[in-house]
Amino acid sequence: MGLTNEIGIMQGRLSPRIDGKIQAYPANTWQKEFEIAQEIGYAAIEWIVEKPVETNALMTDSGKAEIKKVIASTGVRIDYVCADIFMQQPLVRMAEETKSQNKDYLLEILKNAK
C-alpha cells in the first residue's frame, strides 16, 4: 500500500495580504480561499484565530455553519487551527485578567475546532 500526500495551505495565503502580514485571518475572503484551494488542488486549509476573535467565523455559531457549508461544497478540509491569538496575547507571563481571557479563548477554540 503506497503512501499518499495531501497538501494543505495556511489561511490567508490565497488572499491579498492584510496590513502587509504574510499570515492573517482573511475575514472578507475566507470562503473564496476554499474555492481557490479546491481549484488548485489543496486538500486542506489551516485555520487562523487571531484578534479580533469576534470577526472570526470559527468563533461564531453562524460562522461555524457557514464553514461547514463551504467545506461540504469544496471538499477542502480544516485539519488544523493555528491560534495566533496567543502570539498577540501570550499564554504565559500575563496579568490575571489576561490569563482568564486566554483560558476562555483556548476553551472556545478547542470546542469550536471539533
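Bear in mind that the values here come from a model prediction, so they are computed numbers and not experimental data.

**Quick word on helix H4 (residues 96-113)**
Its 18 residues place the ends of H4 26 Å apart at the C-alpha level, agreeing with the 26 Å of an ideal helix rising 1.5 Å per residue. Among the residues making up H4, those that are buried are Asn102, Tyr105, Ile109 and Asn112. Take H4 and look down its axis: the buried residues cluster within an arc of 100°, on one side only. Counted as exposed and oriented over 90 degrees from the buried face of H4: Glu96, Lys103 and Leu110. Turning to H4, the residues buried within the fold contact helix H2 (61-74), strand S3 (77-82) and helix H3 (85-88).

**Quick notes on the nonpolar core**
If you look at the biggest cluster of nonpolar residues, it comprises 23 residues, and the most contacted ones within it are Trp30, Phe34, Trp47 and Val49. Looking at this core, the elements that each hand over two or more residues are strand S1 (8-10), helix H1 (30-40), strand S2 (44-48), H2, H3 and H4. In this structure, Val49 is in contact with Asn56, Leu58, Met59, Val81, Cys82, Ala83, Asp84, Ile85 and Ile109, ignoring residues within four places of it in sequence.

**Re the pairing of S2**
Judged by how many residues are buried, S2 sits mostly within the fold: 4 of 5 residues are covered. Two elements, S1 and S2, share 3 bridges in a ladder whose sense is parallel. Looking at S2, one finds that Gly8 is bridged to Ala44. Viewed along the sheet, the connection from S1 through H1 into S2 turns out right-handed. Relative to S3, S2 runs parallel, the two being bridged by 4 bridges.

**Description of the sheet that holds S1**
Whether parallel or antiparallel, the strands of a sheet pair through hydrogen bonds between backbone atoms. One open sheet holds the 3 strands; their spatial order is S1-S2-S3, and the pairing between them is parallel. Where the open sheet ends on each side, the last strands, each with one partner, are S1 and S3. Between one strand and the next, the sheet's axes are offset by a mean angle of 25°, whatever the strand orientation.

What counts, and where the lines are drawn
- Residues numbered from 1 in each chain as written.
- Predicted model: local features only at pLDDT ≥ 70, side-chain atom pairs only at ≥ 80, totals over all residues.
- Heavy atoms only, no water.
- Helix = DSSP H or I, 4+ residues; strand = E, 2+ residues; numbered from the N terminus.
- Expected span 1.5 Å × (residues − 1).
- Buried < 20%, exposed > 50% of the residue type's maximum accessible area, 1.4 Å probe, protein only.
- Arc of directions from axis to C-beta.
- Contact = heavy atoms within 4.5 Å.
- Core = buried A, V, L, I, M, F, W, Y, C linked by side-chain atoms within 4.5 Å.
- Pairing = 2+ DSSP bridges.
- Right-handed = clockwise from strand over helix to strand, strands pointing away.
- Axes fitted to C-alpha atoms, helices over the stretch in contact; angles between N-to-C directions.

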